[in-house]
Amino acid sequence: MTRPGSPSLEPDLAKLIVQTLKLKVDPVSIQPEAPLFGEGLGLDSIDALELSLAISQTYGYQLKSSDPEIKTIFSSLRALANAVEKYRTK
Amino acid sequence: MHDTPLIGPYNSDDVVAWQQGQTRTARQFLADVTALAESLPDRPTVLNLADSRYAFLVGFAAAILRGQLTLLPQRRASEALRRLAGDYPGSYVLTDHDDRIEGLDAVPILSTGGEAPWPKNIPLVPLNQVVAIAFTSGSTGHPVPNKKTWGALTGVAQATGARLGIKEGDRIGVVATVPHQHMFGLEASVMLPLMHGVAMYAGRPLFPADIRSVLADVAGRWMLVTTPLHLRACVAERMHVPAGGLILSATAPLGRALAQEAEQMFQSDVHEIFGFAEAGSVAERRTVTGDRWTPLEGVCVVQERDSCTVQAWYLPEPVPVPDRITVESGGAFFLYGREADQVNVAGHRVSLGDLNQTLLRIDGVQDGIFFLPDEEAGLVTRLMAFVVAPGKTSEEIQCALRAHLDPVFLPRPLVCVPSLPRNATGKLPREAVLELSRQWVGEDGHGV
């Protein structure tokens, strides 16, 4: 889904996640395919809410849990980056 | 004590619940409840884990008609549920999804879609029937049970509705971001609509965009049952919804400034409830008008020297208030924060002693302490933990904790240390833990 010629959003999003949620990990150490919630980084629904605000403010994309794809979107850094790339308005 | 009807003043075709364009009417609801009640196993207690608020209500009502107690666990982590079920032998699980808990029988809550005729008589429930047990976090590490009678749940629902000016037959749709298995959610988002004959939204919107679209679709006036956390998120998104709704917030103190912003943005009054699981909802205020709390009709907050209790016709005995408060002569009161052992994380009250006991039960943990730092920027301030566990990594301990604690209570970060700064009597003064956290934050900084 990456725009042709534009770099992946993954590194920027990894930084946003770590900063927003004050995680004690190096953003580059987040595996793009690893789960963000539950096992993986161990995020919960409040993190999802915080993250949704940061994404909305930075990229102008408002997440909705009624979106049938929401589970996929939040499944990994890569999936999230693809969704933000696709729906961003800024 | 007399008996009262299972549902409020609904006509047979009034909507009890809606979601995604689908509705269930009062007639269909009673059919669902009757069918489920007939098929429930003969057991004393039930864990109702339904995700849908409507499915939960069907299961709850069916259990009540069968004289079964619904357990309202404080924690949803699988190990915590198994432990709780172990304390109540014969417990089974009611569920509307595929999650199973090993070792516990599960009964699905199915919406039959059946159409039974409107019954001549609505089923009655004795006011003194114990219908639920809510659990609170005690400092001993074991959940403390609090029995809830039908009278307590219906009494609070009626008193809250009366305070908010909700009348029988009003066209109101209640939407909630809080879970229905917690006391405030059960009282305000399940019992309140049920007792006033109004509709509830069966889902649980999380993101501001979800809340906006659900509120925009409400037939009639909307009422949002929520928390300061969700209100802050909505205000940050500057969303627009139909004016003239009603907001009810609880679980954590709502700041005056946030209440003002929320009132402006939603074009609606923001009311706040003070309560706690042991007593249920106790008092209300419109946050923008002042700090004073007014007890709900029928509730008294009584100050005796240093301690305060809540008294009400439906409470078998006075219930101590877990907060420091002062009561005015007229009965209104002011709050000054939690007692030392109790902390609030994202709207969930928990005992630090309880968390510490949980931590010490983890294999390989020799010593450890949970700690709530002072509030900082962001939506939520998370717990930290310092742990002495030679040979274990913080990831391993986190992983073990996850089976016992809800994610919101998982420490962030969990720091492994060689020893804790205990004093000569073995106590760990808050100042010493504060110093430890300062050292840790100072060395590494937050984040990277």
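Small disclaimer: the values here were computed from a predicted structure and weren't measured.

What follows covers the overall build of chain B. When helices and strands are tallied, chain B shows 11 helices and 27 strands. Taking 22 Å as the expected radius of gyration for a compact globule of 448 residues, we find that chain B reaches 22 Å, a close match to that expectation. Of all 448 residues assigned to chain B, the portion counted as buried reaches 44%. The contacts of chain B with a sequence gap of at least 6 include a subset with a gap of at least 24, amounting to 60%.

With that settled, the discussion passes to the environment of L224 of chain B. Residue and element names in this part refer to chain B. Looking at where L224 falls in the secondary structure, it is placed in strand 13 (residues 221-226). With 202 residues separating them along the chain, L224 and G426 place their C-alpha atoms 47 Å apart. For L224, the contacting residues outside a window of four places in its chain are V175, L215, G245 and I247.

All names here are of chain B. Per-residue pLDDT for chain B averages 90, and the proportion of residues at 70 or more is 97%. Contacts from residues 444-448, a stretch scored under 50 in pLDDT, to residues over four places away or in other chains number 8 contacts. Complex prediction metrics read pTM 0.87 and ipTM 0.85.

Further remarks concern the sheet that holds strand 27 (residues 414-416) of chain B. All names here are of chain B. Spatially, 25-26-27 is the arrangement adopted by the 3 strands of the open sheet, whose pairing is mixed. Both edges of this open sheet fall to strand 25 (367-371) and strand 27, since each of them pairs with a single strand only. Sheet twist, expressed as the mean angle between neighbouring strand axes with direction ignored, is 15 degrees. Alignment of strand 25 against strand 26 (residues 384-388), held across 5 bridges, turns out to be antiparallel. Counted as the bridge partner of F371 is M384 from strand 26. On the sheet, helix 9 (residues 352-360) packs against strand 25 and strand 26 and is oriented at approximately 145 degrees with respect to strand 25.

Attention shifts here to the interface of chain A and chain B. Across the contact, 21 residues belong to chain A and 21 residues belong to chain B. Counting residues per element, the ones that place at least two in the side of chain A that touches chain B are helix 1 (10-21) and helix 2 (45-59) of chain A. With 8 residues, the single largest contributor to the side of chain A that touches chain B is helix 2 of chain A.

Thresholds, definitions, all that
- Residues numbered from 1 in each chain as written.
- Chains lettered and ligands numbered in written order.
- Predicted model: local features only at pLDDT ≥ 70, side-chain atom pairs only at ≥ 80, totals over all residues.
- Helix = DSSP H or I, 4+ residues; strand = E, 2+ residues; numbered from the N terminus.
- Rg over C-alpha atoms; globule rule 2.2 N^0.38 Å.
- Buried ≥ 20, exposed ≤ 12 C-beta atoms within 10 Å, placed from the backbone.
- Contact = placed C-beta atoms within 7 Å.
- pLDDT = per-residue confidence, 0-100.
- Pairing = 2+ DSSP bridges.
- Axes fitted to C-alpha atoms, helices over the stretch in contact; angles between N-to-C directions.

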